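These are the residues of each chain, in order.
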Amino acid sequence: MGHAHVYAHEIMHRGRVPMEPVDFVPDWADRPRKAKFHPDAETLPLPATPPRARTPLPAPGFTLPLLSGMLRDSYGLTGRRLAVQANTDLAALPHYTHANWSRGTASGGGLYPVAVHWAAGPGGPLTPGLYHYAPHQHGLRRLLTGDVTGDVRAALGPGAGEAGRATQYLVLGVKYWQNAFKYNSFSFHAVSMDVGALVQTWRLWAAQYGLRIDPVLWFDEERLARLVGAAPEEEGVFAVVPLTWEGGATPSGEGGATGAAARHRDVERSRRVLEFETLRRVHRATEGRAADRPEPGALDSAAAHPPRGARPLPLPPPPAPPAATTRALRERRSSFGRFDASRPVAAEQLAAALADCAATRYGTEAERPGGPSLTSLYAFVNHVEGIAPGAYAYDPAAHTLRPVKEGPPGSFLQRTYFLSNYNLEQAGAVLVPTVRTTAVLDRVGDRGYRLVGGTVGAVAQTFYTTAAAFGLGAGVALGFDNISYIEELGLTGTDEAPLLIMLLGHERPRPADFRHEIA
């Protein structure tokens, strides 16, 4: 049993057995930046995106304007949040130095630690080289000039399939301190979800144009870390996303590995950077190697169990979302205590959220196209039209809810939630995705922990986007007693792990807010 199993056990039990260091207090005055900073690197502004049609036309591949739009709508700054809400940082937000900038992609704690690098090869719009996406400037910082896509292909290895024949790649890394300064040992769990949420935003965004986003998780991580200038054990490379580029350029025989490394390095803001032994161990345990890549379908035996419960309750067909994906991403936000139980959620809206979440896949090379889902979905219903309060298992094949436990769940939900920024009883419903974490690790090794987190993060991003498309409030939280949820849903002995909770409902009308759009 690898260390990822140990870490998974500690995560699941942290509500009852606190993880080390138990006495940790964040030093907010010495917090790191929310993005990497390369002071001497040239920054190239990305182009403005063209006006968006209600139904975008299919594209043969990415172009610079399309890539610019996807980056802007996923990790770029689109507005400033100043609504009155129940989160604990509300008093600081009016001060510019503590401003909370909105983005299309969700992130644990609003920290956004994922660094996006573009390895641009021949046939693209830029001089071949390595670039870092600077979200605050919506630009590209040139870290290295020269074609390094051969290094990416070498890191992917000979078994990467179509991914090994691309000339444009996005490389996703995580600088752990950007999250660990607040969440210490728990941070690895959170950032794994952050990567999945970002990839899912790209999958939703690209699908509008008929384009696919298929992340690769198994590769020579040490080689790619050296390429992007990541310090060993301080940063992890979590995913590589090959891009289909308009014009269909293919690698030339001359584009081999160079062994190059980024010339410009990130400059840390914090005067004191702490190390956490648990984080160091799980990073080492989950480091990637191309030789360990599982065969497609390796996860079939770790798929979700059949839905539990009896007396299936049919759900109405999910309606078409009233808002397009791009608009939903711009309007996505966390509700933070603004739920209003006097306005029940329509059954059709709950049905749409359940169907969309159940259809979400991370889309990695370990998952067989059209294969079974790794996630199960449960719903605690508080206030939904035509559905009695209680706990249910969702059956995506039949599009039904199967009762698991009858009766209003509000007191259980609030009793097992650790924070004060939500009243869970006021939400219309609380959805709970589960993954058979230990089964995934048994099938594909410790690297699978990053896949588990990414899968749940992708579901969370779908949930947020669907809620925003239907004009509903939403919130995703990790501060709950996981074991109590296992007991309440009758999952003891099933190896299903509830890793986050997703709150859906109407918000109170006319909240205090201001016009926040900047993009």
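Here the structure, examined in full by the defined rule, presents 22 aromatic pairs. Here a set of aromatic residues connected by ring pairs shows up, and it is made of Tyr 7, Tyr 176, Phe 188, Phe 238 and Tyr 449. Between Arg 103 and the ring centre of Tyr 112, over which it is positioned, the NZ or CZ distance is 4.2 Å.

Looking now at the nonpolar core. Phe 62, Trp 118, Leu 170, Leu 172, Trp 202, Leu 350 and Ile 501 are the most contacted members of the largest nonpolar core, which has 135 residues in total. Here this core takes eleven residues from helix H12 (residues 448-469), the largest share from any one element. Apart from residues lying up to four places away in sequence, Phe 62 is in contact with Leu 67, Met 70, Ala 206, Leu 211, Ile 213, Leu 243, Thr 244, Trp 245 and Glu 246. Counting residues in hydrophobic clusters, the runner-up holds 24 residues, among them Leu 144, Val 228, Ala 230 and Ala 262.

Let us now look at the side chain of His 117. Within the secondary structure, His 117 is located in strand S4 (residues 114-120). Owing to a relative accessible area of 2%, His 117 belongs among the buried residues under this scheme.

Bringing the sheet that holds strand S7 (residues 168-175) into the picture now. Sheet strands line up and pair through hydrogen bonds in the backbone, either parallel or antiparallel. If you walk across this open sheet you meet the six strands as S1-S6-S5-S4-S7-S8, and the pairing is antiparallel. The sheet terminates laterally at strand S1 (43-45) and strand S8 (235-242), the two strands that pair on one side only. Taken pair by pair, the neighbouring strands of this sheet meet at an average axis angle of 30 degrees, ignoring direction. The sheet contact formed by S1 and strand S6 (residues 139-145) spans three bridges and is antiparallel. Its bridge partner lying in S6, Thr 43 is registered against Arg 141. Where helix H5 (residues 187-207) meets the sheet, its contacts fall on S4, S7 and S8, and the angle it forms with S7 comes to roughly 155 degrees.

Our next topic: the pairing of strand S13 (residues 429-435). Burial runs high along S13: seven of the seven residues are buried. Where burial is concerned, the two faces of S13 agree: the one with Ala 429, Leu 431, Pro 433 and Val 435 and the one with Val 430, Val 432 and Thr 434 are both buried. Two elements, S13 and strand S16 (residues 501-505), share three bridges in a ladder whose sense is antiparallel. Each residue of the ladder has a partner; that of Leu 431, found in S16, is Met 502. One ladder, built from two bridges, connects S13 with strand S15 (residues 497-498); its direction is antiparallel. Looking at the pairing, Val 435 lines up with Ala 497 of S15.

Residue placement: Glu 496 occurs in the loop between helix H13 (482-488) and S15. Here the side chain of Glu 496 touches Thr 434 through a polar contact of 2.7 Å, side chain to side chain. Those residues in contact with Glu 496, other than ones at most four positions away along the chain, are His 305, Ser 376, Tyr 378, Thr 434, Val 435, Arg 436, Ile 486 and Leu 491.

Attention shifts here to the environment of Arg 293. With respect to the helices and strands, Arg 293 occurs in the loop between helix H7 (277-285) and strand S9 (313-314). Residue Arg 293 is classed as buried on the basis of its relative accessible area, which comes to 15%. Spatially, the C-alpha atom of Arg 293 lies 7.6 Å from that of Ala 366, the residues being 73 residues apart in sequence. Apart from residues no more than four positions distant in its own chain, Arg 293 is found in contact with Leu 156, Gly 159, Ala 160, Val 216, Trp 218, Phe 219 and Glu 365. Here the side chain of Arg 293 touches Trp 218 through a polar contact of 2.4 Å, landing on its backbone oxygen. A polar contact of 3.4 Å, which involves the side chain of Arg 293, links it to the side chain of Glu 365.

With five of its five residues buried, S16 lies for the most part within the structure. Where burial is concerned, the two faces of S16 agree: the one with Ile 501, Leu 503 and Gly 505 and the one with Met 502 and Leu 504 are both buried. Relative to S16, strand S14 (residues 473-477) runs antiparallel, the two being bridged by five bridges. Its bridge partner being in S16, Ala 474 is matched across the sheet by Leu 504.

Analysis parameters
- Residue numbers run consecutively from 1 along every chain, following the written order of its sequence.
- For a predicted model such as this one, the threshold for reporting local features is a pLDDT of at least 70, and the threshold for listing and counting side-chain atom pairs is 80 or more; totals across whole chains, interfaces and linings nevertheless cover every residue.
- Heavy atoms from the whole structure form the basis of all side-chain values; hydrogens and water molecules are not counted.
- When the centres of two rings from Phe, Tyr and Trp lie within 6.5 Å, Trp using its six-membered ring, the rings pair. Their planes under 30 degrees apart give stacked, over 60 give edge-to-face, and anything left gives tilted.
- Comment: the charge-over-ring label is applied if NZ (Lys) or CZ (Arg) is within 6 Å of the ring centre and within 35 degrees of the ring normal.
- What makes a nonpolar core is a set of buried Ala, Val, Leu, Ile, Met, Phe, Trp, Tyr and Cys residues whose side-chain atoms join them at distances within 4.5 Å.
- Relative accessibility under 20% of the residue-type maximum defines a buried residue, over 50% an exposed one, and the middle range a partly exposed one, all with a 1.4 Å probe and only protein chains included.
- Helix and strand labels come from DSSP, where a helix needs a run of H or I of at least four residues and a strand needs a run of E of at least two; each type is numbered from the N terminus.
- Contacts between residues were defined by any pair of non-hydrogen atoms, one from each residue, lying within 4.5 Å.
- Between any two strands, pairing holds if DSSP finds at least two bridges.
- Here an angle of 0 to 180 degrees is reported between the N-to-C directions of two axes, which are lines fitted to C-alpha atoms, with helices fitted over the stretch in contact.
- In protein, a polar contact requires one atom able to donate a hydrogen and another able to accept it; more generally it is a pair of N or O atoms within 3.5 Å, and residues adjacent in sequence count only if both atoms are side-chain atoms.

The analysis is restricted to geometry; functional conclusions fall outside its scope.
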